[in-house]
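# Close look at the chain arrangement
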Amino acid sequence: MDRLSSTTVLPDTFQGTRDDFSMQMALIWGQIKAPLIVPLLRLSVIICLIMSLMLFIERVYMGIVILLVKLFGRKPERRYKWEPLKDDVELGNSAYPVVLVQIPMYNEREVYQLSIGAACGLSWPSDRIIIQILDDSTDPTIKDLVELECQRWASKGINIKYEIRDNRNGYKAGALKEGMKRSYVKHCDYVVIFDADFQPEPDFLWRTIPFLVHNPELALVQARWKFVNADECLMTRMQEMSLDYHFTVEQEVGSSTCAFFGFNGTAGVWRIAALNEAGGWKDRTTVEDMDLAVRASLKGWRFLYLGSLKVKNELPSTLKAYRYQQHRWSCGPANLFRKMVMEIITNKKVSSWKKVHVIYSFFVVRKLVAHIVTFIFYCVVLPATVLVPEVEVPKWGAVYIPSIITILNAVGTPRSLHLLVFWILFENVMSLHRTKATFIGLLEAGRVNEWIVTEKLGDALKAKAATKAPRKPRFRFGERLHFLELFIGAYLFFCGCYDAVFGKNHYFIYLYAQAIAFFIMGFGYVGTIVPNS
C-alpha cells in the first residue's frame, strides 16, 4: 500500500517541479523584458532598417543605371574605341601584341584537359601567344597527367610552358606571381587569366585585345561567365540567379559609371604595365583578384566589362564546395576592406566620387551590409519581434523593401522567376555563412586566410549528365551535421509556432518555410532535385 502511494506521488512531484521551473522562467522573462530586451530589440530594428534602406537605395540606383544604359545603348564599342587588329605586310605578325595566357591549377584531374585544350585553341598568331600552365598539384599522378597534356600540345606546335614550384605559398596569387617572373614574360604586353574550369571560345582574344590596344587608359577587360551546369540541381539554379545579377547589374554599373569593378579572378585580360604599376599579385587576402583591381584603380586605371562575351565555366554542385567558396568570397572582401580603407581615403590620384563608390557602394553596402542585414534582420531580429509584441517592424521594412530588393535581384535570370521563393530561402540560409565569414575577415580571426580550392567535376559532370536516368527527387544527407543551421532552424520554428498561436504579425508561414530551409541545409542536404526549366 505504501509502495502504491509513493508511485502516485512521484508524477505529482515532477509536475510540480516543471510548473515551478516554468513560473521562474516566466518571472525572469517578465523582469528583464521591459528594461533590457525591448530597448535592445528596438535598437536592433532601427539599425537593421537603416541597413535595409542602404541596400534598397543601392539596388534602385543600379537598376536605374542599367535602364539608362539599355535605353541609350551605351555599349562598350560606343564608350571606347574598338577596331579589329589588321595585318601589316611590312611588320607581319610582329604588329600583334604578345599575349600570355595563365592557367593556375591544383589537383584538377577532371578539368585540366578541357581548360588546356580551350586555351591552346585560342585564335591568335602562334608566335605571339604563350600558354603558361601553373601547376601547384600535390598529387604526383595528376602532375604527370597535366605535364603530358602540355607536351602533347607542344608537339602540335603550341607555345605552351609547364611551370611548377616546390611550395604553395600564397596559393593562387603566389602561383600567378611566380609565373610573371619567368624571363619570357618580359616580352608580353597582356596577360589573360583562366581558372582551370574555364573554356574560352577561340575568338576571345580578337574581341578583347583591341580594346586594350586602342585605349591606353584601360587596364582590364573582364568577360562574363556562362555556367555549363546551371541545370544540374536546384542549388546550381540558385547560384545562377545570384551570379547573373552580379554580372548583369553590378559589373555593368561599375563599368558604365566609374570604370571600376572587382576583377572576377578569371576570364579577364590585364595590361601587364598596369598590373606591375599596381604592385603585382599580393597574397595578403583570399581575394587577390579584388586586391589587384582596387590597387590598379587607385593608380587611375580604368576597367571595362564585356557582358556580350561569355566564357563557359562550372558552378559548385555540392553544398560542401559551395560553402567553402562562399566563405572565401565573403571573408576576403571584408579583410581587404580592413586593410585598404585608409589607403583609399588618402589616395590623391582618383576623384572623391570614385572613392565614395569604392568605399560605400562596392565595399560597405555590397560586401558587408548585404550579408549582415540579410541574416541578422530576416533570420534573427524579425522573428524575435514575434516574441516581443511591444516592438513593431513597419510594413515597409518587413515586406515592401525586401520584396522590391528580391524582384530587382531576380531580373538577371528571368527563366528562374518561378524559383524565387526557393532562392529567398536559400540565400537567407547562406547569409549565415557569409555573415560569419564577413566578421572573420573584419576581425582577422582564425579562418581569415583559409583557402580551399573549389571542387570541379568537368568530364565527370558530362558523363553523369549523359548517363543519368530519370528518377524521382530524393533526399541525401551530408557527411556531417551543421549544428548552427539546426539551432537557427529550431529558433525560427519556435517563433513560427508562437506567432501562429499567440502572435499578431502573421509571419508564421515565412518562419516555418525558413526553418525548414535551415533544417535541410543543417542536415547537409546536397541538392539532387533537378528543377523544371
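Let me begin by describing the structure that accompanies this report. (Residues numbered from 1 in each chain as written. Predicted model: local features only at pLDDT ≥ 70, side-chain atom pairs only at ≥ 80, totals over all residues. Heavy atoms only, no water.)

### A short note on the overall build of the chain
Of the regular secondary structure elements, the chain holds 16 helices and seven strands. Sorting the 533 residues of the chain into buried and exposed places 53% on the buried side. Residue pairs at least 24 apart in sequence account for 83% of intrachain contacts in the chain once pairs closer than 6 positions are excluded. Of the roughly 25100 Å² of accessible surface on the chain, 62% is carried by carbon and sulfur atoms. (Helix = DSSP H or I, 4+ residues; strand = E, 2+ residues; numbered from the N terminus. Buried < 20%, exposed > 50% of the residue type's maximum accessible area, 1.4 Å probe, protein only. Contact = heavy atoms within 4.5 Å. Areas by Shrake-Rupley, 256 points an atom, 1.4 Å probe, with all protein chains shown as cover.)

### Here we look at a nonpolar patch on the surface
Together, Leu 53, Ile 57, Trp 396, Val 399 and Tyr 400 line one region of the surface with nonpolar side chains, adding up to about 460 Å² of accessible area. Put simply, the parts of the chain that give the nonpolar patch at least two residues each are α1 (2–71) and α12 (395–410). For the nonpolar patch, the element with the highest residue contribution is α12, accounting for three residues. Summarising the element assignment, Leu 53 is placed in helix α1. (Patch = residues over 30% accessible without salt bridge, like charges linked within 9 Å, V, L, I, M, F, W, Y side chains within 5 Å. Salt bridge = Lys/Arg side-chain N within 4 Å of Asp/Glu carboxyl O.)

### Remarks on the packing of helix α7 (residues 234–257) against helix α13 (residues 420–443)
Between α7 and α13, the least distance of the axes is 10 Å, while the angle of their chain directions is 85 degrees. Judged by the angle between their axes, α7 and α13 are roughly perpendicular. Contacts between α7 and α13 pair Leu 234, Met 235, Met 238, Met 241 and Ser 242 from the former with Leu 420, Phe 422, Trp 423, Phe 426 and Glu 427 from the latter. Of the residues belonging to the contact of α7 with α13, the class tally is eight nonpolar, one polar and one charged. (Axes fitted to C-alpha atoms, helices over the stretch in contact; angles between N-to-C directions. Parallel < 35°, antiparallel > 145°, perpendicular 65-115°, else oblique. Nonpolar A, V, L, I, M, F, W, Y, C, P; charged D, E, K, R; others polar.)

### What to know about the state of the cysteines
A covalent bond between the sulfur atoms of two cysteines is referred to as a disulfide. All told, the structure shown has zero disulfides when counted by the stated rule. Residue Cys 120 stays outside any disulfide, its sulfur separated by 7.4 Å from that of Cys 150, the closest cysteine. The exposure class assigned to Cys 120 is buried, which follows from its relative accessible area of 9%. (Disulfide = S-S within 2.5 Å.)

### Remarks on helix α10 (residues 319–346)
Given a rise of 1.5 Å per residue, 28 residues ought to cover 40 Å, and the 41 Å separating the end C-alpha atoms of α10 matches this to within 8%. Roughly 50 degrees is the biggest bend found in α10, and it falls at Met 340. (Expected span 1.5 Å × (residues − 1). Bend = angle between axes of the 7 residues up to and from the residue.)

### A short note on a positive patch on the surface
On the surface, a cluster of positive charge is contributed by Lys 70, Arg 74, Lys 75 and Arg 78. Residue position: Lys 70 is located in helix α1. (Lys, Arg positive; Asp, Glu negative; His and termini not counted. Charge placed at Lys NZ, Arg CZ, Asp CG, Glu CD.)

### Some words on unusual backbone geometry
Positive phi values are uncommon outside glycine, yet Ala 267 reaches one of about 60 degrees. Mapped onto the elements, Ala 267 comes out in the loop between α7 and β6 (268–271). Accessibility expressed as a relative area gives 0% for Ala 267, which makes it buried. Despite not being glycine, Glu 444 has its phi angle at roughly 55 degrees, a positive value. Checked against the element boundaries, Glu 444 lands in the loop between α13 and α14 (459–467). Taking relative accessible area as the criterion, Glu 444 reaches 33% and is therefore assigned partly exposed.

### As for the packing of aromatic side chains
In this structure the tally under the stated criterion is 22 aromatic pairs. Geometrically, the ring pair formed by Trp 225 and Phe 247 is tilted, given 5.2 Å between the ring centres and 50 degrees between the ring planes. Taken together, the positions of Trp 225 in strand β5 (residues 218–227) and Phe 247 in helix α7 put the pair 22 residues apart, joining distant regions of the chain. We note that Trp 225, like Phe 247, is buried. Ring geometry for Phe 263 and Trp 270: centres 5.7 Å apart, planes at 85 degrees, overall edge-to-face. Lying across the ring of Tyr 106, Arg 168 places its NZ or CZ 3.7 Å from the centre. (Phe/Tyr/Trp six-rings, centres within 6.5 Å; stacked < 30°, edge-to-face > 60°. Lys NZ or Arg CZ within 6 Å of the ring centre and 35° of its normal.)

### Describing the sheet that holds strand β1 (residues 99–105)
Judged by pairing direction, the sheet is mixed, and its seven strands sit side by side in the order β3-β2-β1-β4-β6-β5-β7 without closing on themselves. Every other strand in the sheet has two partners, leaving β3 (160–164) and β7 (302–313) as the edge strands with one partner each. Along the sheet, successive strands turn relative to each other by an average axial angle of 20 degrees, direction set aside. Inspection of the sheet shows strand β2 (residues 129–135) paired to β3 by five bridges, in the parallel sense. For Ile 131, the partnering residue across the bridge sits in β3 and is Ile 160. Of the strands in this sheet, β1, β2, β4 (190–193), β5, β6 and β7 are in contact with helix α6 (residues 204–214), which crosses β7 at around 175 degrees. Strands β5 and β7 of the sheet are contacted by α7, whose axis makes an angle of about 160 degrees with β5. (Pairing = 2+ DSSP bridges.)

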